Structure formats: structure tokens, C-alpha cells
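# Understanding the architecture of this molecule
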Amino acid sequence: MRAAYPVLFAPMPDRFNLIGTLAQLPENDARIQIRDITFPTKDGLTLHGFIAVPAGTPPRGVILFCHPFKSTGRIALFQCRGLLEAGFAVFSFDFRNHGESDSDSRYQSIHWLSQHELTDARSAIDYLRTQPELSQLPLGLLGMSRGAGTVLGVAAQSPEIQFVACEGAFLNEELFLDHAIRWGERFLPRLFIQIVPTSEVIRAFRIMIWYSQRRQGCRYINLKSRLKALKQRNLLFFTGEKDQSVVPRMTDLIVKRIRNAHITVCSLPGAIHNAGRFAQLERFDSAALDFFSQMVETSSRVEEHTFPETLNAPADFIPSKRSA
């Protein structure tokens, strides 16, 4: 346990500097209107974010973007660029302890998903529903790394959210086990690693999680038990073929636990962790646009069939109480 505990806090080995990607965007783009906003969380903090909409045309839908650990919501201007240009609105924000949002003195955030990220994302959705120009649009979620876990966790509790896209998604326990084995092979003989029962490693992990939660001021989220609630949803997973932080097998482990869902996995050649769009811009944008365009089409079909009798009735038709 002493040897493995640092794995809980080890930095992602191939972390990509997403903040640097913002330098690729023009400072003033007449095609996009950006409005800075603030909103409260359920536990009294103030989070900062922005809403970006295509200029001169009503948005087709709205995408809530959740950024990864040690980043800010501003990277949505790069990650969601293709969606913005295709007519989608993008709503992004800084999680607590990140960017311009308030810091929670009781919480020391790391790259493991906790209940605080879920609280922040749910508060963002509550704020979105107060915006008349966006509240009636179809809503999709897009998250990266810890933000990917956030959107999966929030969607599992919100049946109305039908379209969720993720990059670098992982389950805490499986990711720890993968990192612990690879970390251990640096210092211990491979044979020794192989003879240690996996159940013992997992037991040690759970003990360390209990201790770490008290130290960090949070409760880590186990997505395993929540994934079954994602049945019948539409899910898109981006995986970087050269991702050494969250290896592609992590996506396979998630997919196997979600039954009866409409799942697409988009593999991105040459991409390391959080660098999928940077490495494969056209492939990333095409997959994201195809996916969220289905959301718009599905929403339109539902609206067309909401009140069929009333829409097709003659002008003098007065609905009865039962038909109303």
C-alpha cells in the first residue's frame, strides 16, 4: 500500500497542454458570439463560464462541455469549434478550484471524479434551464477525462439527457489497477506482480480510497454501479490510440458494462491523452457532428409527433378535456 499510494496522485504521464490550443483561435471571430456568465452551485459557490452561439443564426442545439482536471472551460472554444461552426451553441464553465470559479477550501481536487464535479455540472444544467433562448433546445453533453466521467455520471441521473460524448473516459478502480501494474513493473520483477492476486490489489485500493477521501475532502464516485442507468442512451467514446494515461482498453471496460445502449467508439490514431482533436481534427469533428446531429433530428421527430390530433385537426376543432 505504501508503494501504491502515490499512484492515486501521480500526474497523467502524457498530459497534453490544452490551454495552449487556445492560441490557435482568432482573438475576434465575427462568426461566434461569446457571453460570460456566472451561476451558483447547490452548496453555495459561484462558478464562472461562458455561452458561445453562432452569430446570425438560431442554434440547432446546445452542448454542455466539461473540461478535464487542471484545465478550464475555455478550452471548449477549441474542442467544440467544429460544433460551433455547424450551428450548435456551447455552454462551458470552470469547475470549482479551477480557472475563475470559486475555490472550495474543504476540497483538494485531483484527477479522480468526486461528487463535487457532479454537483457543479448539475448546477450548470439548472442554470441553462433558466435561459429562455437555450432551455428549449436539445441538450447534449461532452466531457474529457475527469469531465468525461462527470457527463456519464450526470446523464445516469438525468433520463432526459439522451446524447453523451466522452474522450478519455475511465472507471476509477480499473484505471488505478492499470496504473498500479505499470508503475509496479518499474520497481518490481514482473513475476512478483503476476503472483499478487488482483483481489488483494483492489482491496488495497479501496482502503487507500477511503483514506484519500478524508484527506481530500470529498467522496469519489464509483461509476460502475451507475452505468446500467445509461441503457437506451446514445453514447460516443473517443479513444486516443497512443493514450498512456487512459489506455483504450478503459473504454472497452465501460462499454461492456452498458447494455442496450447505442454506442459508437471513435479511435483516433496518433492521439495521446486529451489530444484527440489536436491529432485528428477532421476525424474528431466529423464524428462529433454526426453524433449530435442525430440528437437534433431525434428531437425534431419527437416534436412533430407530440400533438398529432391537434396539428391535423380542422380549424373549428375544440379539444375535449380528455384529448387535451
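In this text, all values refer to a predicted model and were calculated from it rather than measured experimentally.

## Some remarks on the packing of aromatic side chains
Applying the stated criterion to the full structure yields 9 aromatic pairs. Ring centres of Trp112 and Phe170 lie 6.2 Å apart, and the angle between their planes is 85°; on these two criteria the pair is classed as edge-to-face. Here Phe170 lies in the loop between strand E6 (163–167) and helix H7 (172–187) and Trp112 lies in the loop between strand E4 (89–93) and helix H4 (115–128), a separation of 58 residues in the sequence. Residue Trp112 shares its accessibility class with Phe170, and that shared class is buried. Aromatic pair Phe163 and Phe291: ring centres 5.3 Å apart, planes at 65°, arrangement edge-to-face. Of this pair, Phe163 sits in strand E6 while Phe291 is found in helix H12 (residues 281–304), placing the two residues 128 residues apart along the sequence.

## Thoughts on the confidence of the model for the protein
In this model, the protein carries a mean pLDDT of 86, and residues with pLDDT of at least 70 account for 84%. Counting interchain partners and residues more than four positions distant, the pLDDT-below-50 stretch residues 307–324 has 1 contact.

## Looking at the environment of Gln216
By the element assignment, Gln216 lies in helix H9 (residues 198–216). Considering only alpha carbons, one finds Gln216 and Arg106, 110 residues apart in sequence, at a separation of 7.7 Å. In this structure the side chain of Gln216 is engaged in a polar contact, spanning 3.2 Å, whose partner is the side chain of Arg215.

## Looking at the environment of Ser114
Secondary-structure assignment places Ser114 in the loop between E4 and H4. Classification of Ser114 as buried rests on a relative accessible area of 0%. Each C-alpha atom of the pair Ser114 and Thr150 lies 8.5 Å from the other, and the pair is 36 residues apart in sequence. With sequence-adjacent residues up to four places away left out, Ser114 is seen in contact with Tyr107, Cys218, Arg219, Tyr220 and Ile221. Within the structure, Ser114 has its side chain in polar contact with the backbone nitrogen of His116 (distance 3.2 Å).

## Observations concerning the packing of H4 against helix H6 (residues 146–156)
Between H4 and H6, the shortest axis-to-axis distance is 9 Å and the interhelical angle comes to 65°. For the element pair H4 and H6, the recorded crossing hand is right-handed. Between H4 and H6, the contacting residues are Glu117, Leu118, Ala121, Arg122 and Ile125 on the first element and Arg146, Thr150, Gly153 and Val154 on the second.

## Considering the nonpolar core
One finds Phe91, Phe93, Leu141 and Val164 to be the most contacted residues of the largest nonpolar core, which totals 42 residues. Apart from the residues lying within four places of it in its own chain, the contact partners of Leu141 are Leu64, Val151, Val154, Ala155, Ile161, Phe163, Val164, Ala165 and Phe292. Residues Ala165, Phe238, Ala271 and Ala287 belong to the second largest nonpolar core, which totals 33 residues.

Reading the values: the criteria
Residues numbered from 1 in each chain as written. Predicted model: local features only at pLDDT ≥ 70, side-chain atom pairs only at ≥ 80, totals over all residues. Heavy atoms only, no water. Phe/Tyr/Trp six-rings, centres within 6.5 Å; stacked < 30°, edge-to-face > 60°. Helix = DSSP H or I, 4+ residues; strand = E, 2+ residues; numbered from the N terminus. Buried < 20%, exposed > 50% of the residue type's maximum accessible area, 1.4 Å probe, protein only. pLDDT = per-residue confidence, 0-100. Contact = heavy atoms within 4.5 Å. Polar contact = N/O pair within 3.5 Å; in protein donor to acceptor, adjacent residues only side chain to side chain. Axes fitted to C-alpha atoms, helices over the stretch in contact; angles between N-to-C directions. Left-handed = near helix turned anticlockwise from the far one by under 90°. Core = buried A, V, L, I, M, F, W, Y, C linked by side-chain atoms within 4.5 Å.

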